Amino acid sequence: AQSVAQPEDQVNVAEGNPLTVKCTYSVSGNPYLFWYVQYPNRGLQFLLKYITGDNLVKGSYGFEAEFNKSQTSFHLKKPSALVSDSALYFCASPPDRGSTLGRLYFGRGTQLTVWP
Amino acid sequence: SQTIHQWPATLVQPVGSPLSLECTVEGTSNPNLYWYRQAAGRGLQLLFYSVGIGQISSEVPQNLSASRPQDRQFILSSKKLLLSDSGFYLCAWSDRGIITDTQYFGPGTRLTVL
């Protein structure tokens with residue numbers, strides 16, 4: 001079974017600085033990994049996903065994520081943070097590679113705060 | 001393009017009252033549909049998922065139930081609400097049968113049980 005963990009509940013960064021939101025995974029074989037963002041009182045928005053291929057995945061709103069197999073990580077990154085990036089970020093993966101049901105299990109979420 | 005709707009957006013209900021939340025998807029056919037609950041603005045708990053009309057799987061036993069009367073309609077219900085049912089309820093859809101498919105979420109319903 002696959003699972004993900006987000007080791008940081010909160011990340012604070014100054015506007016204009018690079019940001020990183022961490023995600024680690026536990027799976028045998030190649031994982032499928034997703035990042036979502038949630039703004040206050042809103043539904044989740046899909047940012048990007050890793051299925052196979054290039055380890056650097058580019059997504060929406062200038063975000064990208066780097067898949068690192070040796071470190072079992074899939075950290076979300078952005079070169080220059082904006083105040084508007086402040087939100088709750090979720091890493092997710094399907095629980096079972098053999099499943100065709102499309103279920104996703106989510107990490108606990110990391111609250112990103114970008115201060116001006 | 002596909003869109004997903006949820007209503008109501010907010011709901012305040014007394015303990016012991018019934019519940020009906022509705023989710024509809026437009027612009028796609030035969031989607032997988034999901035109900036999640038998010039408590040205290042944090043982790044998402046998968047409650048139910050459906051791969052077709054009348055086909056419902058429950059992830060967590062509780063006093064909630066789900067139904068799928070039409071291909072693109074998913075309903076979350078309860079006969080008697082508990083205080084612990086308060087939370088943010090999210091509906092999502094994905095294309096059928098492909099594990100790598102993205103899930104797309106609706107705007108959510110904020111439920112407060114008093």
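Thresholds, definitions, all that
- Residues numbered from 1 in each chain as written.
- Chains lettered and ligands numbered in written order.
- Predicted model: local features only at pLDDT ≥ 70, side-chain atom pairs only at ≥ 80, totals over all residues.
- Heavy atoms only, no water.
- Helix = DSSP H or I, 4+ residues; strand = E, 2+ residues; numbered from the N terminus.
- Buried < 20%, exposed > 50% of the residue type's maximum accessible area, 1.4 Å probe, protein only.
- Pairing = 2+ DSSP bridges.
- Contact = heavy atoms within 4.5 Å.
- Buried area = accessible area lost by both parts, 1.4 Å probe.
- Salt bridge = Lys/Arg side-chain N within 4 Å of Asp/Glu carboxyl O.
- Polar contact = N/O pair within 3.5 Å; in protein donor to acceptor, adjacent residues only side chain to side chain.

A. Here's a closer look at unusual backbone geometry. Here the bond from tryptophan 7 of chain B into proline 8 of chain B is cis, since omega is 0 degrees, no more than 30 degrees from zero. Within the secondary structure, proline 8 of chain B is located in the loop between strand E1 (3-7) and strand E2 (10-13). Despite not being glycine, tyrosine 61 of chain A shows a phi value in the positive range, around 60 degrees. Relative to the assigned elements, tyrosine 61 of chain A resides in the loop between strand E7 (56-58) and strand E8 (64-68).

B. Summary view of the pairing of strand E9 (residues 87-94) of chain B. All names here are of chain B. Extensive coverage of E9 is indicated by the burial of eight of its eight residues. As paired strands, strand E4 (residues 32-38) and E9 are joined by seven bridges and run antiparallel to one another. The residue of E9 that forms the bridge with asparagine 32 is serine 94. In this structure, E9 lies alongside strand E11 (residues 109-113), joined through three bridges in antiparallel fashion. Looking at the pairing, tyrosine 89 lines up with threonine 109 of E11. Pairing between E9 and strand E10 (residues 104-105): two bridges, direction antiparallel. In the strand pairing of E10, alanine 92 is matched with phenylalanine 105.

C. Spotlight on the interface of chain A and chain B. Facing the 31 residues of chain A at the interface are 25 residues of chain B. Carbon and sulfur atoms supply 56% of the area buried between chain A and chain B, which totals about 2,100 Å² over both sides. Applying the counting rule to chain A against chain B returns zero salt bridges. At the junction of chain A and chain B, the tally comes to five residue pairs in polar contact (both at pLDDT 80 or more).

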